[in-house]
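Letter by letter, the chains look like this.
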Amino acid sequence: MHKNQQSLNKWHLMLAQRDMSLLQELLADDVVFRSPVAITPYVGKSVVTFILTNVIQVFENFRYHREFYTEDRQHIVLEFSANIHEKELKGIDMIQFNEDGKIQEIEVMIRPKNGLEALALQMGERIKQYSGS
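Residues numbered from 1 in each chain as written. Predicted model: local features only at pLDDT ≥ 70, side-chain atom pairs only at ≥ 80, totals over all residues. Heavy atoms only, no water.

A. Just the overall build of the protein, in detail. The helix and strand inventory of the protein stands at four helices and six strands. Traced from its N-terminal end to its C-terminal end, the protein shows the element sequence α-α-β-β-α-β-β-β-β-α. Compactness check: the protein gives a C-alpha radius of gyration of 14 Å against a globular reference of 14 Å for 133 residues, within 12% of the reference. The principal-axis extent of the C-alpha atoms belonging to the protein is close to 40 × 30 × 30 Å. Taken across its 133 residues, the protein has 41% of its residues classed as buried. For the protein, contacts bridging at least 24 residues in sequence account for 48% of all contacts bridging at least 6. Counting only carbon and sulfur atoms, one obtains 51% of the accessible surface of the protein, whose full area is about 7400 Å². (Helix = DSSP H or I, 4+ residues; strand = E, 2+ residues; numbered from the N terminus. Rg over C-alpha atoms; globule rule 2.2 N^0.38 Å. Buried < 20%, exposed > 50% of the residue type's maximum accessible area, 1.4 Å probe, protein only. Contact = heavy atoms within 4.5 Å. Areas by Shrake-Rupley, 256 points an atom, 1.4 Å probe, with all protein chains shown as cover.)

Set out below in structure tokens:
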């Protein structure tokens, strides 16, 4: 099995079990996270782990629906849906792996606007706690 597929299988297991400790082995040290609400990307395993651990707490009824791969399996797009209270949202995780099978970059896109706004509100408070603002 290709190392990227092994990493993806661990990603799905992590989310199914809600055991975000697996991020330590899945993420590259210099991983880049591109948020649907922030212009500047977040860089580094520590901050990306914090964001992903909090997002999974904010999302309700999170589930993946479809996966799309590039031919070399270095890039994958995962389509998901979730709720934040009464707001429904759909989105995609665009994941790029490095040569070691670790996640090098994650970019997230979410719609509709009211679902994205609900996420931004919930995560904005948590990010302030992380940065000490």
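B. Quick look at the pairing of strand β6 (residues 103-111). Both strand β1 (residues 27-34) and β6 contribute to a ladder of four bridges, which runs parallel. Bridge pairing in β6 places Phe 33 opposite Ile 106. Where strand β5 (residues 87-97) lies against β6, eight bridges are found, and the strand directions are antiparallel. Paired with Phe 97 across the two strands is Ile 103, which belongs to β6. Counting the residues that bridge the hairpin from β5 to β6 gives five residues, and of these Gly 101 lies at a positive phi of roughly 80°. (Pairing = 2+ DSSP bridges.)

C. Representation of the pattern of salt bridges in the model. Using the criterion set out here, one finds seven salt bridges in the structure. In this structure, Glu 105 and Arg 34 form a salt bridge, with 2.8 Å as the shortest nitrogen-oxygen distance. In this pair, Glu 105 is assigned in strand β6 and Arg 34 in strand β1, connecting sequence segments 71 residues apart. The closest approach of N and O atoms between Glu 79 and Lys 90, which form a salt bridge, is 2.9 Å. (Salt bridge = Lys/Arg side-chain N within 4 Å of Asp/Glu carboxyl O.)

D. Spatial organisation of the side chain of Ser 81. Residue position: Ser 81 is located in strand β4 (residues 75-84). The exposure class of Ser 81 is buried, given its relative accessible area of 7%. What Ser 81 contacts, discounting residues up to four positions off in sequence, is Asn 61, Phe 62, Arg 63, His 65, Leu 89 and Lys 90.

E. Quick peek at the environment of Val 77. Position of Val 77 relative to the elements: it lies in strand β4. Separated by 11 residues in the primary sequence, Val 77 and Arg 66 have C-alpha atoms spaced 8.2 Å apart. What Val 77 contacts, discounting residues up to four positions off in sequence, is Arg 66, Glu 67, Phe 68, Ile 92, Asp 93 and Met 94.

F. The arrangement of the nonpolar core in detail. One finds Trp 11, Phe 59, Ile 103 and Ile 106 to be the most contacted residues of the largest nonpolar core, which totals 36 residues. Every element with two or more residues in this core is listed here: α1 (3-17), α2 (23-26), β1, α3 (45-58), β4, β5, β6 and α4 (113-131). Top contributing element to this core by residue count: α3, with seven residues. Apart from residues lying up to four places away in sequence, Phe 59 is in contact with Arg 18, Phe 80, Ala 82, Asn 83, Ile 84, Leu 89, Ile 110 and Leu 119. (Core = buried A, V, L, I, M, F, W, Y, C linked by side-chain atoms within 4.5 Å.)

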